[in-house]
Amino acid sequence: MTTDLHGRTQRLELSDQGLRDFEAVVLDATPEGIVVNRSAFYPGGGGQPADHGVLIWQGVETRVVGVRKGDDLYLIPAEGDPIPPVGTVVRAAVEDERRSALMRTHSGLHVLCGVVFRDFRCPVTGGNMEPLTARMDFNLPEVPPGFKELVEDACNAEIIADRRIDVRVLPRDEAFAIPDIIRTATNLVPPEVEDVRVVDIVGLDTQADGGTHVASTKQIGRIKVTKVESKGRGFRRLRIAISD
Ligand SMILES: [Zn+2]
């Protein structure tokens, strides 16, 4: 099984996406970054930005404004905030509003990806998100009439269908035996990775993915396709907004 370790930090959010507070011990601390033994702060990746939050210790507060990935995971403190000394036990909280919005947005992007591939057979070439807004790039030579509305309606139908979103960790061979995974992930997962985390919108979209997701599509809310841009030959950029 996977250890969920990044450097010396156990990543709690990979197996518990609902976790928002936890206790940890400080292993290393400078104004540039604080290393703890366990963390539920999503460090960023796969288009999903890092979490924000707070560490509380000995009556003071250190705001966490981002995470840097190196040999260890470094929680980035707000400039001028007090730094907990090594050995301190801190209580940590992930900012719920931001993270929950990012989970809805990330799952929304997977719905979009699944719908566009199913209905138009075009692959994703990139994507990025902020809380409740996102973009996804596709290779689509011709934009069919009514494309924007067709995509939006199909996405919202999948939301109403309330499909389950399962996260599981599979041995590499087993993960890549799932046909859909190959189109998004084969080239992205380094060969030395033995276990692959798979996010499955059951019946719609299966991807190798390290991000945080809601438990079923209804929790996304509503998807609006706000824009379809042409960025070059076959290069289409869809922008979406998520609302309740
Ligand atoms: Zn993803």
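Anything mentioned here points back to the structure above.
What comes next is a walk through the structure. (Residues numbered from 1 in each chain as written. Predicted model: local features only at pLDDT ≥ 70, side-chain atom pairs only at ≥ 80, totals over all residues. Heavy atoms only, no water.)

## Observations concerning the coordination of the zinc ion
Geometry reference: four tetrahedral donors at a metal, ideal angle 109.5 degrees. Six octahedral donors, ideal angles 90 or 180 degrees. Formally: Keep in mind that water is not among the atoms, so a site may look incomplete; donors are the N, O and S atoms within 2.8 Å of the metal, or 3.2 Å for Na, K and Ca. Secondary structure counts use DSSP, requiring at least four H or I residues in a row for a helix and at least two E residues in a row for a strand, with both numbered from the N terminus.
The protein atoms donating to the zinc ion are H106 (NE2), H110 (NE2) and D209 (OD), with metal-donor distances spanning 1.9 to 2.1 Å. Site description for the zinc ion: donor spacing in sequence, H-x3-H-x98-D. Residue H110 is found in helix α1 (residues 96-120), and its partner D209 is found in the loop between β14 (205-208) and β15 (222-232); the two are separated by 99 residues along the sequence.

## Side note on the environment of V26
Cut-off, in case you're wondering: We call two residues in contact whenever any of their non-hydrogen atoms come within 4.5 Å of each other.
Note on placement: V26 falls in strand β3 (residues 21-30). In the structure, V26 is positioned 10 residues away from V36 in sequence and 4.5 Å away in space, judged by C-alpha atoms. Not counting residues up to four positions away in its chain, the partners in contact with V26 are I34, V35, V36, P84, P85, V86, G87, T88 and V90.

## Quick word on the packing of α1 against helix α2 (residues 147-160)
Basically, it comes down to this: Axes here mean lines fitted to C-alpha atoms, for a helix over just the part in contact, with angles spanning 0 to 180 degrees between N-to-C directions. We call two directions roughly parallel when the angle between them is under 35 degrees, roughly antiparallel when it is over 145, roughly perpendicular when it lies between 65 and 115, and oblique otherwise. Each helix crossing is assigned a hand: it is left-handed if the near helix lies turned anticlockwise from the far helix by less than a right angle, otherwise right-handed if that turn is clockwise. Gly is put with the polar residues, along with every residue not named as nonpolar or charged; the nonpolar set is Ala, Val, Leu, Ile, Met, Phe, Trp, Tyr, Cys and Pro, and the charged set is Asp, Glu, Lys and Arg.
Where α1 contacts α2, the two axes come as close as 9 Å, and the packing angle between them is 120°. Taken together, the axes of α1 and α2 are oblique relative to one another. Helix-helix and strand crossings are classified by hand; for α1 and α2 the assignment is right-handed. In contact with V111, L112, V115, V116, R118, D119 and F120 of α1, α2 contributes F147, L150, V151, A154, C155 and E158. Each residue belonging to the contact of α1 with α2 can be placed in one class, and the counts come to 10 nonpolar, no polar and 3 charged.

## Let's talk about the packing of aromatic side chains
Basically, it comes down to this: Only the six-membered ring of Trp is used, alongside the rings of Phe and Tyr, when aromatic pairs are assigned; centres must lie within 6.5 Å, and planes under 30 degrees apart are stacked while those over 60 apart are edge-to-face, with the rest tilted. We call a residue buried when its accessible area falls under 20% of the maximum for its residue type, exposed when it is over 50%, and partly exposed in between, using a 1.4 Å probe and counting protein chains only. Whether a charge sits over a ring comes down to the Lys NZ or Arg CZ being within 6 Å of the ring centre and within 35 degrees of the ring normal.
Evaluation of the coordinates by the stated rule reveals 2 aromatic pairs. Ring centres of F22 and F41 lie 6.0 Å apart, and the angle between their planes is 80°; on these two criteria the pair is classed as edge-to-face. Separated by 19 residues along the polypeptide, F22 in strand β3 and F41 in the loop between β5 (38-39) and β6 (53-57) bring together distant segments of the chain. The buried category is assigned to F22, whose relative accessible area is 8%. Owing to a relative accessible area of 1%, F41 belongs among the buried residues under this scheme. Seen in terms of ring centroids, F120 and F147 are 4.9 Å apart; in terms of plane orientation they differ by 75°. Their pairing is edge-to-face. One end of the pair, F120, is in helix α1; the other, F147, is in helix α2, with 27 residues separating them in the sequence. Taking relative accessible area as the criterion, F147 reaches 2% and is therefore assigned buried. A cation over an aromatic ring shows up here: R68 above the ring of Y74, its NZ or CZ 4.6 Å from the ring centre.

## A few points about the side chain of S107
Position of S107 among the secondary structure elements: in helix α1. For S107, a relative accessible area of 0% corresponds to the buried category. Discounting chain neighbours no more than four positions away, the residues touching S107 are I165, I201, H213, V214 and I220.

## Regarding the pairing of strand β13 (residues 195-201)
Formally: When DSSP finds two or more bridges between two strands, those strands count as paired.
Burial analysis of β13 places 6 of its 7 residues in the buried class, which makes it a mostly covered element. Sheet topology places strand β12 (residues 165-171) next to β13; 7 bridges connect them, and they run antiparallel. Looking at the pairing, V167 lines up with V199 of β13. Bridging between β13 and β14 involves 4 bridges; their strand directions are antiparallel.

Treat this as a map of the structure, not an account of what it does.
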